[in-house]
Amino acid sequence: MSQSSPCGPGCTCGAPERTQLMTIGTSARAVERLPVVRGGGHSIEQAAVPAGRFLMGDSSGDRNPQDGELPLHEVKLDAFRIDATSVTNASFARFVAETGYRTEAEEFGFSAVFHLAVSAPQEDLTGRAPGSPWWIGVRGADWQHPGGAGSSIVGMEDHPVVHVSWNDAQAYCRWAGRRLPTEAEWEYAARGGLEGKKFPWGDEEVDEGGWRANIWQGSFPTHNSLEDGYLTTAPTRSFEPNGYGLWQPVGNVWEWCEDWFSPDYYRHSPITRPAGPERGQARVLRGGSYLCHISYCNRYRNSARSQNTPDSSMGNAGFRTVAL
Ligand SMILES: [Ca+2]
Ligand SMILES: [Ca+2]
């Protein structure tokens, strides 16, 4: 199952950058909207992750070399509490209701939607991403309209919120009095107490003994045979949680982390509480999504890394938060 991904540097497996879908009429800059008043509506169940050490990086040989999953290196972390699920539409709705916050997808006027998930009139389509034409810029696509103007999240209250940028996730965290996990915390939590395993549940493949995560089946990107039951997002409490109680760290939606991304970072990162490079252009995304497939984006693994610019949003990325 160790196939190399065709994705090269600047891989858009996760999604195109905002600027790749920018068109005339949708180029208004998002405005700085600090500060957000803190509220009390974050009600996601917590998973307790104990202090400890682990080997961070790829130990199964499945790495995507350009992503910087090596070298394997020891990391030491303090105990922390992390959301058992990614932030749901219901929880994000409380944040928006209390603050009036407008996401960057709403400010820019568009977001990136996977082509089979588009539910919008033709005139709302702004273009396809260069190099990954299955991503379409859709005017009116946002967290409440994940496929565009013809879609809604009614009945999806327990699904992960999507079309939220890293900046939007930061705003939510300020309201909730929380923060995003560091990349090291995310990987340690995803491993669920198992050492050196490929997936949160161990080394068994994702379809062994029944589906264990929401990824892609069939021929990417044209035909999804839906063997796991989901074309796009699944409810956050689908499949089985890992040893620390985290649901779907891999698959379903990519999850923003606090860190700047650098493929070289592991070569010099500190052992204790690594927090990412001091600067960068893109923020880390972890865990893969419902679009991951072994033949294309083999990133539904504990150690797999991706990234996007902090103002980008897409229908397959959300976030979970950590207690301060
Ligand atoms: Ca699926
Ligand atoms: Ca996930």
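Structure shown above.
Everything numeric here is computed off the predicted structure, so don't read it as measured data. (Residues numbered from 1 in each chain as written. Chains lettered and ligands numbered in written order. Predicted model: local features only at pLDDT ≥ 70, side-chain atom pairs only at ≥ 80, totals over all residues. Heavy atoms only, no water.)

Q: Tell me what's going on with the state of the cysteines, and back it up with residues and numbers.
A: Counting across every chain of the model gives zero disulfides. Here C173 stays unpaired: no disulfide links it, and the sulfur of C257, its closest cysteine neighbor, is 11 Å away. Residue C173 is classed as buried on the basis of its relative accessible area of 1%. (Disulfide = S-S within 2.5 Å. Buried < 20%, exposed > 50% of the residue type's maximum accessible area, 1.4 Å probe, protein only.)

Q: Report on the environment of H159, specifying residues and quantitative values.
A: Within the secondary structure, H159 sits in the loop between β7 (132–139) and α3 (166–176). Taking the C-alpha atoms as reference, H159 lies 6.0 Å from N89; in sequence the two are 70 residues apart. Side-chain polar atoms of H159 contact the side chain of T233, separated by 2.8 Å. (Helix = DSSP H or I, 4+ residues; strand = E, 2+ residues; numbered from the N terminus. Polar contact = N/O pair within 3.5 Å; in protein donor to acceptor, adjacent residues only side chain to side chain.)

Q: Requested: an account of the coordination of the calcium ion (ligand 2), with residues and values cited.
A: Ideal coordination angles are 109.5 degrees for a metal with four donors arranged tetrahedrally and 90 or 180 degrees for a metal with six donors arranged octahedrally. Those donors, Q248 (O), P249 (O), G251 (O), V253 (O) and E255 (OE), are the protein atoms that reach the calcium ion (ligand 2), and they lie 2.5 to 2.8 Å from it. Sequence positions of the residues that donate to the calcium ion (ligand 2) give the spacing Q-P-x1-G-x1-V-x1-E. As far as burial versus exposure is concerned, P249 and G251 are alike and both buried. (Donors = N, O, S within 2.8 Å, 3.2 Å for Na, K, Ca; no water.)

Q: Tell me what's going on with the sheet that holds strand β6 (residues 125–129), and back it up with residues and numbers.
A: Judged by pairing direction, the sheet is antiparallel, and its three strands sit side by side in the order β5-β7-β6 without closing on themselves. Each edge of the open sheet carries a strand with a single partner, namely β5 (110–114) and β6. When the angles between neighbouring strand axes are averaged without regard to direction, this sheet yields 30 degrees. Bridge count between β6 and β7: four bridges; the pairing is antiparallel. From the neighbouring strand, L125 faces β7, where its bridge partner is V138. (Pairing = 2+ DSSP bridges. Axes fitted to C-alpha atoms, helices over the stretch in contact; angles between N-to-C directions.)

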